[in-house]
Amino acid sequence: RVAVGGWGLRRLRSLLEHGHSRAGSIRYVVKTLNKHHVPLPPHLRPSVWRALLLAESDAEPLYRCQRLQSRVVADGTTLERMRDVSRQLSLDLPRCHPYSAALGRASSRRCLASVLQAWAAGGEEEGRRYWQGLDSVAAVAVLVFGQEHVAWSVLERITHRFLRDYLVEGVKSCLPAHMGVVAQMLAFLDPTLGLHLTTNHVLPDMYAVSWILPLLTHTYPIDRPQDLHSIYPLWDILMCTSSPFPLFVVVAMLILNRDKILQLDMHGLIALLSSFPPPAPAPLGALALRLYDETPAMLYDWALEPPFHEPTVSAWRYARRRKRSEAAGAAPARAP
């Protein structure tokens, strides 16, 4: 373990000098460290995550544009949507991980609010919307990266990769279909456990949604990056994978509590899953990664995320001018 840890850290430092071009090699090293239960050092985590997510370091100009759009909007629909976001954030942020001293600072709260407002201002054409739980996902990005524009860029990629089809309005959401995939994978990977839950009418949407939407940030603490029982070791693996991986984490959590689940009836299962005892992040991540690597891709390949296209400031300005011209053209003519 010591030898693997020393090799891994030396290799990561060398690979990080090349940035995004070595993302595949960085992914291999992080997975190898996880298999040998070697934690990723907190001081390397920001660079490793940014390389794995292909997040740009010069995102500040576009972030400023998004912040401007969150404050100065072109039409009444967008204005009402941003008012709803601000209203919801005023309720969510005070109760977002109140135990965290780092997140409790006024500067961290302002940074978190700005990042979420900039995120909500983008993706209008996709029907993007803010959901409760996203504040916890953004909080991890803020605590790890510190700078607003970097945290926003990372949040954009995390939501695009893992939550893109969840954080949308109405019928566009793939949440019901993904809950069906969880049941299908559970039946494939552990038929006895899957049959027991189905027979007792305990469906994935009764427990999996509260794990997937906040990406387990409501299950594990976020204020101790050095702690092996925090969210960070699990997210180190998450960054190495693709969009279906959270579904495998759900299945792995059930399998790690298999014996306890098989002894309960419907009422006992509902009580257990409502206050589920979280397993240690390291074995959970290792099991989820093994299931992810060994499961036939035909079960989940349709859920893979499309490529992320980095928007540009010029494209943002063009879209803004187009909206203004359309709004001006739709305005009724004044009476003489």
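Cut-offs used in this document
All residue numbers refer to positions counted from 1 along the written sequence of the respective chain. Predicted model: local features are reported for residues with pLDDT of at least 70 only, side-chain atom pairs are reported and counted for 80 or more only, and whole-chain, interface and lining totals are derived from all residues. Where side-chain values are given, they derive from all heavy atoms of the structure, hydrogens and water being excluded. Here a helix means four or more residues in a row that DSSP labels H or I, a strand means two or more in a row labelled E, and each is numbered from the N terminus. Per-residue accessibility, obtained with a 1.4 Å probe over protein chains only, is compared with the maximum for each type, and a residue is labelled buried under 20%, exposed over 50%, and partly exposed between these values. The arc refers to the directions leading from the helix axis to the C-beta atoms. Throughout, a residue-residue contact means that at least one pair of heavy atoms, one from each residue, lies within 4.5 Å. For helices, the axis comes from a line fit to the C-alpha atoms of the stretch in contact; other axes are also lines fit to C-alpha atoms, and the angle between any two N-to-C directions lies between 0 and 180 degrees. An angle below 35 degrees is read as roughly parallel, one above 145 as roughly antiparallel, one from 65 to 115 as roughly perpendicular, and any other as oblique. Two helices cross in a left-handed way if the nearer one is turned anticlockwise from the farther one by less than a right angle. They cross in a right-handed way if the turn is clockwise. In this classification, Asp, Glu, Lys and Arg are treated as charged, Ala, Val, Leu, Ile, Met, Phe, Trp, Tyr, Cys and Pro as nonpolar, and every other residue, Gly included, as polar. Throughout this description, the term nonpolar core refers to a set of buried Ala, Val, Leu, Ile, Met, Phe, Trp, Tyr and Cys residues connected via side-chain atoms within 4.5 Å.

The next subject is unusual backbone geometry. One non-glycine residue with positive phi stands out, namely H97, at about 45 degrees. Residue placement: H97 occurs in the loop between helix 5 (76-92) and helix 6 (101-104). In this structure, L215 is a non-glycine residue whose phi angle is positive, near 55 degrees. Looking at where L215 falls in the secondary structure, it is placed in the loop between helix 12 (209-212) and helix 13 (232-238). For L215, a relative accessible area of 3% puts it in the buried group.

Every buried residue of helix 11 (residues 191-199) is listed here: L193, G194, H196 and L197. All buried residues of helix 11 lie within an arc of 160 degrees about the axis, which places them on one face of the element. Turned more than 90 degrees away from the buried face of helix 11, the exposed residues are P191, L195 and T199. Of the surrounding elements, those touching the buried residues of helix 11 are helix 10 (175-189), helix 14 (245-256), helix 15 (258-262) and helix 16 (266-274). One or two positions beyond helix 11, positive phi appears at H201, with a value near 60 degrees.

Running from amino to carboxyl end, helix 3 (residues 45-53) crosses helix 8 (residues 134-145) at an angle of 125 degrees, the nearest separation of the two axes being 9 Å. In terms of orientation, helix 3 and helix 8 fall into the oblique class. Relative to helix 8, helix 3 is oriented so that their crossing is left-handed. Residues P46, W49 and R50 of helix 3 pack against V140, V144 and F145 of helix 8. Split into classes, the residues belonging to the contact of helix 3 with helix 8 amount to 5 nonpolar, no polar and 1 charged.

Ranked by size, the top nonpolar core spans 104 residues in total, and within it V48, Y207 and W235 carry the most contacts. Sequence-distant contacts of Y207, defined by excluding residues within four places in its chain, comprise V182, L186, L197, V202, V250, L254 and L273.

Moving on, we get to the packing of helix 7 (residues 106-121) against helix 8. It is the contact of helix 7 with helix 8, at a shortest axis distance of 10 Å, that shows an interaxial angle of 120 degrees. The orientation of helix 7 relative to helix 8 falls into the category oblique. In terms of crossing hand, the pair formed by helix 7 and helix 8 is right-handed. Every residue of helix 8 that contacts helix 7 at S108, C111, L112, V115, L116 and W119 is listed here: L134, D135, A138, A139 and V142. In the contact of helix 7 with helix 8, the residues fall into 9 nonpolar, 1 polar and 1 charged.

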